[in-house]
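# Examination of the molecular architecture
So you can see what is in the structure, the chains are spelled out below.
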Amino acid sequence: MTELAVALARLHARAFADPWPEDAFAQLLAQPTTRVHAAPHGFILTRLTVDEAEILTLAVDPERRRAGIGRGLIDEAAAALAAEGATRLFLEVAVDNVAARALYAATGFAEAGVRRGYYARPGGAIDALVLSRELKLP
Ligand SMILES: CC(C)(COP(=O)(O)OP(=O)(O)OC[C@H]1O[C@@H](n2cnc3c(N)ncnc32)[C@H](O)[C@@H]1OP(=O)(O)O)[C@@H](O)C(=O)NCCC(=O)NCCS
């Protein structure tokens, strides 16, 4: 287990009700298509496949939110992925995730589809929105 995988898992567990285990991060970090951008109190993991990229997860420490960290991580990842040749960035977000939906709207994402019953919730499964935005070199 790398120190990075442990650190990401720890922060992820602070940010999400259903955190991913350390070995999930170790496996993702071992894949050549995975990119990680980390800030002191947040990180974003993306996957690059030729000219398309997707956000695998994005987490900001609950005590450090609304300070621009999430937006900064998206901007940084988008610029780096565009520099590697990606032209579109995708993600899935739960319909009830108000903060993330607002952040993605503020960073240029638009709805590209819906995955019905994608996320488990105590009261029953809820939909995921598939969002995407264009990536451009500056
Ligand atoms: C979603 C998340 C990453 C946002 O991180 P953040 O660092 O707080 O976001 P930022 O400070 O960069 O916010 C940028 C803009 O997004 C919008 N936004 C972010 N959080 C918001 C909230 N709770 N309510 C309304 N708008 C919000 C605002 O427009 C905000 O700009 P403003 O603060 O100037 O109004 C963070 O809330 C988080 O880690 N949530 C739990 C994990 C998660 O849901 N990840 C995404 C999974 S798809």
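Residues numbered from 1 in each chain as written. Predicted model: local features only at pLDDT ≥ 70, side-chain atom pairs only at ≥ 80, totals over all residues. Heavy atoms only, no water.

## A closer look at the nonpolar core
The biggest cluster of nonpolar side chains holds 24 residues, and the ones touching the most others in it are Ile55, Leu58, Tyr104 and Phe109. For this core, the secondary structure elements donating two or more residues are strand E2 (42-49), strand E3 (52-60), helix H3 (69-83), strand E4 (88-94), helix H4 (98-106) and strand E6 (126-134). By residue number, the principal contributor to this core is H3, which donates 7 residues. Excluding anything up to four places from it in sequence, leucine 58 contacts Phe16, Phe43, Ile44, Leu73, Ile74, Leu103 and Tyr104. Core analysis: the next-biggest nonpolar cluster, separate from the first, contains 10 residues, Leu8, Phe43, Leu56 and Ala59 among them. (Core = buried A, V, L, I, M, F, W, Y, C linked by side-chain atoms within 4.5 Å. Buried < 20%, exposed > 50% of the residue type's maximum accessible area, 1.4 Å probe, protein only. Helix = DSSP H or I, 4+ residues; strand = E, 2+ residues; numbered from the N terminus. Contact = heavy atoms within 4.5 Å.)

## A closer look at the environment of glycine 68
Relative to the assigned elements, glycine 68 resides in the loop between E3 and H3. Separated by 35 residues in the primary sequence, glycine 68 and leucine 103 place their C-alpha atoms 9.6 Å from one another.

## Remarks on the packing of helix H1 (residues 3-15) against helix H2 (residues 22-30)
It is at 8 Å that the axes of H1 and H2 come closest, and there the two elements cross at 130°. Relative to H2, the element H1 lies oblique. Considering how the two elements wind past one another, H1 and H2 form a crossing that is right-handed. Contact with H1, carried on its side by Leu4, Ala5, Val6, Leu8, Ala9 and His12, involves Glu22, Phe25, Ala26 and Leu29 of H2 and no other residues of that element. Partitioned by chemical class, the residues of the contact of H1 with H2 number 8 nonpolar, 1 polar and 1 charged. (Axes fitted to C-alpha atoms, helices over the stretch in contact; angles between N-to-C directions. Parallel < 35°, antiparallel > 145°, perpendicular 65-115°, else oblique. Left-handed = near helix turned anticlockwise from the far one by under 90°. Nonpolar A, V, L, I, M, F, W, Y, C, P; charged D, E, K, R; others polar.)

## Structural notes on the site of the ligand
Around the ligand, the structure places 20 residues, and the nearest of them are Leu58, Gly68, Gly70, Arg71 and Asn97. Residue alanine 67 places a main-chain N or O atom 3.2 Å away from an oxygen atom belonging to the ligand. The contact in question runs from an oxygen atom of the ligand to an N or O atom on the side chain of asparagine 97, over 2.7 Å. Protein contact buries 76% of the 920 Å² of open area that the ligand shows by itself. Under a 2 Å grid-point criterion requiring more than half of the atoms, the pocket assigned to the ligand is the largest pocket. The set of elements that each furnish at least two residues to the shell around the ligand consists of E3, H3, E4 and H4. With 5 residues, the single largest contributor to the shell around the ligand is H4. Partitioning the shell around the ligand into residue classes produces 13 nonpolar, 3 polar and 4 charged. (Near = heavy atom within 4 Å. Polar contact = N/O pair within 3.5 Å; in protein donor to acceptor, adjacent residues only side chain to side chain. Areas by Shrake-Rupley, 256 points an atom, 1.4 Å probe, with all protein chains shown as cover. 1 Å grid on protein atoms, 1.4 Å probe; cavity = no way out; pocket = protein on both sides within 12 Å on 5 of 7 lines; lining within 4 Å. Sits in = over half its atoms within 2 Å of the grid points.)

## Regarding the sheet that holds E6
Note: strands within a sheet are paired through backbone hydrogen bonds, in either parallel or antiparallel orientation. Spatially, E1-E2-E3-E4-E6-E5 is the arrangement adopted by the 6 strands of the open sheet, whose pairing is mixed. Edge positions in the open sheet fall to strand E1 (34-39) and strand E5 (110-119), since each of these has one partner strand only. Put simply, the sheet's adjacent strands are angled 25° from each other on average, direction ignored. In this structure, E1 lies alongside E2, joined through 6 bridges in antiparallel fashion. Within the sheet, the bridge partner assigned to valine 36 lies in E2 and is leucine 45. (Pairing = 2+ DSSP bridges.)

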